[in-house]
Amino acid sequence: MSAGAPVLAIDDLVVEIAGNRIVDGVSLSVERGRIRAIVGESGCGKSLTALSILGLLPRAAKVAAGSIRLGARELTGLDEAALAQVRGNEATIIFQEPIASLNPLMRVGAQVAEALILHRGLTMAAAREQAIDMMARVGIPDPARRAMQYPFELSGGMCQRIMIASALICRPSLLIADEPTTALDVTIQAQILELMRTLRREVGAAIVLITHDMGVVADLADDVCVMYGGRIVESGPVDAIFAAPRHPYTRLLLATIPKLDGARKTALRTIEGMVPSAGAWPDGCRFRTRCPLADGDCARVPPLSAVAAGHEAACWHVDRAEALA
Amino acid sequence: MTAPLLQVRDLKVHFKLRRGVGEKGGVVKAVDGISFDLEAGKTLALVGESGCGKSTTAYAVIGMERATSGAILFDGRDITHSEGADRAALARDIQIVFQDPSAALDPKMSIADSIAEPMAIAGWPRGDRKKRVAELLDRVGLPATLADRLPSALSGGQRQRVVIARALALSPRLLVLDEPVSALDVSIRSQVLNLLIELQRDLGLAYLFISHDLSVVRHIADEALVLYLGTVAERGPIDALFENPVHPYSQALLSAIPLPDPRAQRERTKIILTGDLPSPLSPPSGCPFVTRCPIKVERCAAARPSLAQTMSGTAAACFLRAGEHVPV
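About the criteria used
- Residues numbered from 1 in each chain as written.
- Chains lettered and ligands numbered in written order.
- Predicted model: local features only at pLDDT ≥ 70, side-chain atom pairs only at ≥ 80, totals over all residues.
- Helix = DSSP H or I, 4+ residues; strand = E, 2+ residues; numbered from the N terminus.
- Rg over C-alpha atoms; globule rule 2.2 N^0.38 Å.
- Contact = placed C-beta atoms within 7 Å.
- Buried ≥ 20, exposed ≤ 12 C-beta atoms within 10 Å, placed from the backbone.
- Nonpolar A, V, L, I, M, F, W, Y, C, P; charged D, E, K, R; others polar.
- Pairing = 2+ DSSP bridges.
- Axes fitted to C-alpha atoms, helices over the stretch in contact; angles between N-to-C directions.
- Parallel < 35°, antiparallel > 145°, perpendicular 65-115°, else oblique.
- Left-handed = near helix turned anticlockwise from the far one by under 90°.
- pLDDT = per-residue confidence, 0-100.
- Expected span 1.5 Å × (residues − 1).
- Arc of directions from axis to C-beta.
- Domains from an automatic or database assignment.

1. Things to note about the overall build of chain B
When helices and strands are counted, chain B shows 11 helices and 12 strands. A compact globule built from 328 residues would reach a C-alpha radius of gyration of about 20 Å, and chain B, at 21 Å, matches this within 12%. Dimensions of chain B, computed from C-alpha atoms along their principal axes, come out at roughly 65 × 50 × 50 Å. Sequence separation of 24 or more characterises 62% of the internal contacts of chain B that already satisfy a separation of 6 or more.

So this is what it looks like as structure tokens:
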């Protein structure tokens, strides 16, 4: 499945807001048919990393360094017109709030078809036909009738299916899903996760999944990058990261979540302190102010280094992390 | 045995919709016949998806919503229709903590003033308030130095501690916790959950705990009600409910939570429901779950099942999974 060159390769990406390196040296790649999750808490830089891929950063933020390659093409430095050719075509993004992402005054079928008319030059009639096909594939019952409806007539889950249909209609090589199920009820989330699993097999796009939910990562992803303070602190195959996390942050974060087979009403593992706000990070390792293993070594930035095959962690004390939890 | 601290009997909260132009109007049965008991020192969780009535039930308990019918008894006393001074007096005993601490605190009021506000309303002298604020800050694990700060100087986790401190100000016996950790970062959630568990143990508080996060519910609650479209699908002790859920909706809901364990997640059987939650404006006739139920039969559309004892120790509202000859 993971044959050939990566679809997306981000190398040493730096995103700055007001001189602060909010994303600081992020490198990752995703191959065709694979799902790479980026997981972390608010302010860790996961969404900015995702937004920078398609040039969708908020006005205050800018890519200050690094490279983002989609296939053979460098995306950083492309002008708006060139990016518009990529967006919705070769690479697409879906967001947390499907209803906010859709145009409330446009029939949903036309919103699914739009990219075909824009990027493939199809006629309205031909695009409409393909859009209805795609709506059926993402599990929308009675798609021809639904196509004529407006977003307010559809449920949140159905709107997210519409978003997915419009994101996939041009057969992109890359799909970015930014918290795609966070706003949905849990039984609807299960449906959308199942849909993404099916589509990944059928469409073969590389998927970047942004989430704060370790359960969603475990459910859907092949590989995961854990971010803290704008940097990747650990990265590797999901099985390895969940079974043997080597960075103290990953280890503690997993330990704070109540287990469905754990003891009840007992004190849960905690991480001391709070997530520092962007720009208020300590020098060296950015987790060191909350890390029980921190010592003098941590004043220097730990590099992301291999701890096992395909598994990397950025910590001077990976060998002692196991004692934590 | 003494009476449970909180008793809710066949509670109904219906909302009449006003007719707009070209609209039919109608009645939303947000809560449609819910009963439960909550003992002092225990936690009862209300779980379910949007529109299930979990928040409306909680709001009816604290008097933010008016019950259409049924009864709410606190400490054996009927408080269903308490209003005015009567309701204000109840605020000493029953307090609520909401999901978003930033919205629950006045941004221009110091932390100390926020925490002292219930005492000021209750007419405490200034000196007593100050002493109590110091006690409360310590109780919820906040440094005394934060007293004069504004909420904006605090993190989300600290703000939620302030809200909890304010709720504790008048030594209540029941706390309604409406998604108290949902807005917090994952690394902060366990700190606040630990605090809640500790406070209950030390102060003997009862919690009515509302959450959509079932792993949190399992950790903190003694009992839970699984709600669907304003009715109870299943209720029971946490262990029974999580180990052997009987109602097909409880089973689907539990199997839908993604476990933070890739191997277990791959190997478990997932029940994926088809379709959407029905609109509370036009609920199905018969069993509320009938439109999405994987095991429904003809009679499910004809009549609404009532709660009946199950083999696993829960009570479920299902014709097929619970013997309806043992009504509870």
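2. Remarks on the overall build of chain A
Of the regular secondary structure elements, chain A holds 11 helices and 12 strands. Judged by the C-alpha coordinates and their principal axes, chain A covers about 65 × 50 × 35 Å. Counting every position in chain A, which comprises 325 residues, the buried fraction comes to 51%. Contacts spanning at least 24 positions in sequence make up 64% of the contacts within chain A whose residues lie at least 6 apart.

3. Overview of the interface of chain B and chain A
Contacts between chain B and chain A engage 38 residues on the former and 36 residues on the latter. Of all the secondary-structure elements, those providing two or more residues to the side of chain B that touches chain A are α7 (186-203), α8 (214-220), α9 (238-243), α10 (248-256) and α11 (262-267) of chain B. Take the side of chain B that touches chain A: its biggest share by element is 9 residues, from α7 of chain B. Grouping the constituent residues of the side of chain B that touches chain A by class yields 19 nonpolar, 11 polar and 8 charged.

4. Here's the deal with the sheet that holds strand β4 (residues 69-74) of chain B
Residue and element names in this part refer to chain B. In space, the 4 strands of this open sheet follow the order β2-β1-β4-β5, with antiparallel pairing throughout. Either end of the sheet is taken by a strand with one partner, and the two such strands are β2 (26-38) and β5 (77-78). Bridge count for strand β1 (residues 6-17) against β4 is 5 bridges, and the pairing is antiparallel. Considered in β4, the bridge of K12 is made with S69.

5. Some points on the packing of helix α4 (residues 111-121) of chain B against helix α6 (residues 156-168) of chain B
Residues and elements named next belong to chain B. Put simply, α4 and α6 touch, their axes get as near as 7 Å, and they point 30° apart. On the basis of their axis angle, the class for α4 and α6 is roughly parallel. Both α4 and α6 take part in a crossing whose hand is right-handed. Here I111, S114, I115, E117 and P118 of α4 lie close against α6, whose contacting residues are V162, A165 and R166.

6. A short note on the environment of Q191 of chain B
Here Q191 of chain B is to be found in helix α7. Apart from residues lying up to four places away in sequence, Q191 of chain B is in contact with T270 of chain A together with G157 of chain B.

7. Some points on the pairing of strand β9 (residues 223-228) of chain A
All names here are of chain A. Among the 6 residues in β9, 6 count as buried, and that is most of the element. Residues D223, C225 and M227 of β9 are buried on one face, and the alternating residues V224, V226 and Y228, pointing to the opposite face, are buried as well. The sheet contact formed by β9 and strand β10 (residues 231-237) spans 6 bridges and is antiparallel. Bridge pairing links C225 to S235 in β10. Here β9 hands over to β10 after 2 residues, with G229 in that stretch at a positive phi of 55°.

8. Observations regarding the sheet that holds strand β7 (residues 174-178) of chain B
All names here are of chain B. In spatial order, the strands read β6-β7-β8-β3-β9-β10-β12-β11; together these 8 strands make up an open sheet with mixed pairing. Two strands bound the open sheet, and with one partner strand each, they are β6 (94-97) and β11 (308-309). With 2 bridges joining them, strand β10 (residues 231-237) and strand β12 (residues 315-316) adopt antiparallel strand pairing. By the bridge assignment, R235 is partnered in β12 with A315. Sitting on the sheet, α6 touches β6 and β7, and the angle it makes with β6 is about 170°.

9. Looking at the environment of A134 of chain B
Within the element layout of this structure, A134 of chain B appears in helix α5 (residues 126-139). Sequence separation between A134 of chain B and T145 of chain B is 11 residues, and the spatial gap between their C-alpha atoms is 9.8 Å.

10. Quick look at the confidence of the model for chain B
Per-residue pLDDT for chain B has a mean of 92; in total, 97% of the residues score no lower than 70. Looking over chain B, one finds the lowest element-wise mean pLDDT in helix α2 (residues 84-90) of chain B, namely 90, and the highest in strand β8 (residues 206-210) of chain B, namely 98.

11. Notes on α5 of chain B
All names here are of chain B. Over its 14 residues, α5 runs 20 Å from end to end, which matches the ideal 20 Å to within 8%, given 1.5 Å per residue. For α5, every residue scored as buried is listed here: R129, R132, V133, L136 and L137. For α5, the angular spread of the buried residues around the axis is 140°, confining them to a single face. Of the exposed residues in α5, the ones pointing more than 90 degrees away from its buried face are G127, D128, K131 and D138. In this structure, the buried residues of α5 make contact with α4 and α6. At the exit of α5 stands G141, carrying a positive phi of roughly 80°.

12. Focus: the domain arrangement of chain A
As far as domains go, chain A holds domain 1 (100-171) and domain 2 (245-323). Inter-centroid distance (C-alpha atoms) of domain 1 of chain A to domain 2 of chain A is 43 Å.

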